[in-house]
Protein chains: 2
Amino acid sequence: MTRESVTIMDVAREAGVSKSAAARVLARNGSASATTHERVMKAAAFLGYRPNQLARSMKSGATNTIGIVVPDVIIPFFSAILRGVADNARAAGFEVLVSNTDNDPDIEERSLELFAEKRVDGIAIAPVFQQDPRAILRLADEGMPVVLLDRRMTGLEHLPLVSVDHVDAAEKAVAALADLGHERIALLAESAPALARLQELAESSSSHPHLSLLRPSAQRIIGYLRAIKRHGIELDEDLIIHSGYTTTSAQEAVERFLASGIEATALHATNAVLTSGAYRGIRSRGLSVPEDMSFIGFDDQEWTTMVQPEVTVVEQPSQQLGATAATVLTNLVRGAAADPLEHLLEAELLMRDSTASRVRPSIRLA
Amino acid sequence: MTRESVTIMDVAREAGVSKSAAARVLARNGSASATTHERVMKAAAFLGYRPNQLARSMKSGATNTIGIVVPDVIIPFFSAILRGVADNARAAGFEVLVSNTDNDPDIEERSLELFAEKRVDGIAIAPVFQQDPRAILRLADEGMPVVLLDRRMTGLEHLPLVSVDHVDAAEKAVAALADLGHERIALLAESAPALARLQELAESSSSHPHLSLLRPSAQRIIGYLRAIKRHGIELDEDLIIHSGYTTTSAQEAVERFLASGIEATALHATNAVLTSGAYRGIRSRGLSVPEDMSFIGFDDQEWTTMVQPEVTVVEQPSQQLGATAATVLTNLVRGAAADPLEHLLEAELLMRDSTASRVRPSIRLA
DNA sequence: GTGAAAGCGCTAACAC
DNA sequence: GTGTTAGCGCTTTCAC
């Protein structure tokens, strides 16, 4: 970088005043006479002066920059969050530094470290799931404002979280299916934690404080359990299909399920990736939606309205998530407390045409 | 920010050496005795020392940060670019600052200014189309390394560009259609510049230096013109459908076209948004693909393989675009020249099932 | 090999 | 109202 910039000193010289006089008018604080003001402004414009925020940051201790770390900005959910964060951050006077972790704890740790070294004023992070989130913890302990996105894990209970209400989201979808008369409702979920434990949690009051410590996928299973219980449907564990977090894995899981002979008249897939896979699986088995099976997906991906019939989905307000996170974070940076500690945004059920009411077998045979 | 960090001075004190001794070992340059080295490292680890990159940047003049400015990271094309840039930048030791312009020249200018004030080492930008790109120009003139993404405009001829070969991309799609026997091939394009001028350019040698100054949409029209010419098909201007850059606008344009009675057996849409709209338009008119009309879209969006039959598309290597841009930019930052000035990445035709060979009317009637 | 000291560009006391 | 000065945390001559 041979490019040398014009400093406040140059402006002062050009204007024929002292460095501090120039500084006062350029930082628009302190007082200055009208003439000084004018001469400095003129000199600055003439020289093309551009304040060096590095130097300002050194003095002030603030960089007006926040960092956001997500698994992968290519995933629409995260790019929407990023957009929300960026918009609100900018409105509050912050720029944003991004990092993709690919769910690798080491990359996450390295990113956090780099952001800290660059002295970002705060960090919004969709953390990688892990036993011991010490990198995040350490930063937070040192006083770095941190807000969690979408997920939280043990050890991070004291950090603010901005997330969709995953329990409620799944509950809405399953309840809609039940309302249509379905009783054999399958659920395609990513994780496979002890169901017994989840059932216990499902029974507890809806504001159970530990729910947010579960993975989103587990929270969605709880939503399922609550919905069927509320509709007087008994749990059949065979209806809970597990799958890895890839379209192919989901498709195969659904195909296997459909081939198993286990009866089900409806299916809810609990995240965007699983939704694509599930839809492909249903179709590859030659079934039609909603005639053979009612289907509710997750996330309003474009394809859900390109296929016919259009797919009913639970939509999460992703961009709003980012916007909220940015607001919480900038408040934190400004010294305000994070209150409430948890922002649970509501998902919305977009009823389209992949769901049909379940005609009772007896009636259907008549 | 009451959080006070441990400085190199603290480490030096703890290690019982001078500030400069500590600095030498922590910046791993200069020489230090084994004992000094060890004591400093130990002290640093003990105190949890974290180098202040702000201070380093002040000295070195480099921030190891680049900025990327795009219209909107929610658009898959740009989030893929961002990912490509981020990956390569990180590998080269840079972090990345993002900005969304929503194609607003004022926001673009403001972003560039802010990035410059933060002293980024370089900028990758998908510029807003405008007559007078002075903000970019000013920065570049001042010595800021800049690489253009996807587009270039008059006045920026001297800046490096990383883009897909738009002419070739459209040419591939239209040629594929022509190879299938289609002679009445419609093109859905965003812009509507003087066709005569484009035809002139289409005739000129393929390496015409001014092609990259046209908007991508205009370049795609040139690809169309070249393809039909090469296949001995005469231009019928009625086959070039114009549309605004929204799904609805595209859908309406296609519906209008289909209702007009103008004969066409194939259609190519020249960008992702228009592709969605066109597909919707074809379907809303009750036509089926590829029986009634062959269709080739642009960009490999997920829905193109969710619908049936799956849609043939021209895919641009978006992430690779970002990766290349980052490489060019970091080289520029390191003082190397941008050579070549233009990186034109090749798009790939993904043949799927929305294209059928055109049976000649005479044969069809037999 | 090591320490003292200057300085990157800026702001904020502090005297005048 | 204005100028002088110290200092943010670091690197880097420069003597020793």
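Residues numbered from 1 in each chain as written. Chains lettered and ligands numbered in written order. Predicted model: local features only at pLDDT ≥ 70, side-chain atom pairs only at ≥ 80, totals over all residues. Heavy atoms only, no water.

- In the annotation of an unreviewed UniProt entry, the entry for chain A reads LacI family DNA-binding transcriptional regulator, and the organism field reads Paramicrobacterium chengjingii.

1. Here's the deal with the relation of the copies chain B and chain A
And step 1. Expressed as a screw operation, the relation of chain B to chain A combines 0.0 Å of axial shift with a rotation of 180 degrees, fitting to an RMSD of 0.1 Å. The superposition of one copy onto the other is thereby described by a two-fold rotation axis.
And step 2. A shared interface surface links the copies, since 98% of the contact residues of chain B are contact residues in chain A too. (Least-squares fit on C-alpha atoms with pLDDT ≥ 70 in both. Contact = heavy atoms within 4.5 Å.)

2. A closer look at the pairing of strand β2 (residues 95-100) of chain B
And step 1. Here β2(B) lies mainly inside the structure; six of its six residues are buried.
And step 2. Burial along β2(B) is two-sided: the residues E95(B), L97(B) and S99(B) and V96(B), V98(B) and N100(B) are all buried.
And step 3. As judged from the three bridges shared by strand β2 (residues 95-100) of chain A and β2(B), these two strands associate in the antiparallel manner. Note that in β2(B) the partner of V96(A) across the bridge is V98(B).
And step 4. Across six bridges, the pairing between strand β1 (residues 65-70) of chain B and β2(B) is parallel. Each bridged residue has a counterpart across the sheet, and for G67(B) the counterpart in β2(B) is L97(B).
And step 5. With helix α5 (residues 76-91) of chain B bridging β1(B) and its parallel neighbour β2(B), the resulting β-α-β unit is right-handed. (Buried < 20%, exposed > 50% of the residue type's maximum accessible area, 1.4 Å probe, protein only. Helix = DSSP H or I, 4+ residues; strand = E, 2+ residues; numbered from the N terminus. Pairing = 2+ DSSP bridges. Right-handed = clockwise from strand over helix to strand, strands pointing away.)

3. Concerning the pattern of salt bridges
And step 1. One pass over the full model with this rule turns up 44 salt bridges over all chains.
And step 2. In this structure, D72(A) engages R83(B) in a salt bridge whose closest nitrogen and oxygen atoms are separated by 2.9 Å. Taken as a pair, D72(A) in the loop between β1 (65-70) and α5 (76-91) and R83(B) in helix α5 lie in two separate chains rather than in one. For the pair shown, D72(A) and R83(B) are each scored as buried.
And step 3. Between E171(A) and R230(A) there is a salt bridge, and its shortest N-O distance comes to 3.5 Å. (Salt bridge = Lys/Arg side-chain N within 4 Å of Asp/Glu carboxyl O.)

4. So, the domain arrangement of chain A
Residue and element names in this part refer to chain A.
And step 1. The domain boundaries assigned to chain A delineate domain 1 (3-57), domain 2 (65-163 + 318-345) and domain 3 (165-316).
And step 2. For domain 2 versus domain 3, the separation of C-alpha centres amounts to 28 Å.
And step 3. Linking domain 2 with domain 3 are zero salt bridges, by the criterion used here.
And step 4. Linking domain 2 with domain 3 are six residue pairs in polar contact (both at pLDDT 80 or more), by the criterion used here. (Domains from an automatic or database assignment. Polar contact = N/O pair within 3.5 Å; in protein donor to acceptor, adjacent residues only side chain to side chain.)

5. Considering the protein's contact with DNA strand C
And step 1. Taken together, 27 residues sit near DNA strand C, with I8(A), K19(A), Y49(A), R56(A) and T36(B) positioned nearest.
And step 2. Here DNA strand C approaches the protein such that, of its atoms within 4 Å, sugar and phosphate make up 57%.
And step 3. Taking Y49(A), its side chain carries an N or O atom lying 2.5 Å from a phosphate oxygen of DNA strand C.
And step 4. Within the side chain of K59(A), a nitrogen or oxygen atom sits 3.0 Å from a base oxygen of DNA strand C.
And step 5. A class-by-class count of the residues in the surface near DNA strand C yields eleven nonpolar, nine polar and seven charged. (Near = heavy atom within 4 Å. Nonpolar A, V, L, I, M, F, W, Y, C, P; charged D, E, K, R; others polar.)

6. Describing the sheet that holds β1(A)
And step 1. Taken in spatial order, the twelve strands of this open sheet run β11(A)-β5(A)-β4(A)-β3(A)-β1(A)-β2(A)-β2(B)-β1(B)-β3(B)-β4(B)-β5(B)-β11(B), and their pairing is mixed. The open sheet has two free edges, formed respectively by β11 (342-345) of chain A together with β11 (342-345) of chain B, since each of these has just one partner strand. Ignoring strand direction, the axes of neighbouring strands in this sheet form an average angle of 20 degrees.
And step 2. Sitting on the sheet, α5(B) is in contact with β2 of chain A together with β1, β2 and β4 (146-149) of chain B, with an inclination near 170 degrees to β1(B). (Axes fitted to C-alpha atoms, helices over the stretch in contact; angles between N-to-C directions.)

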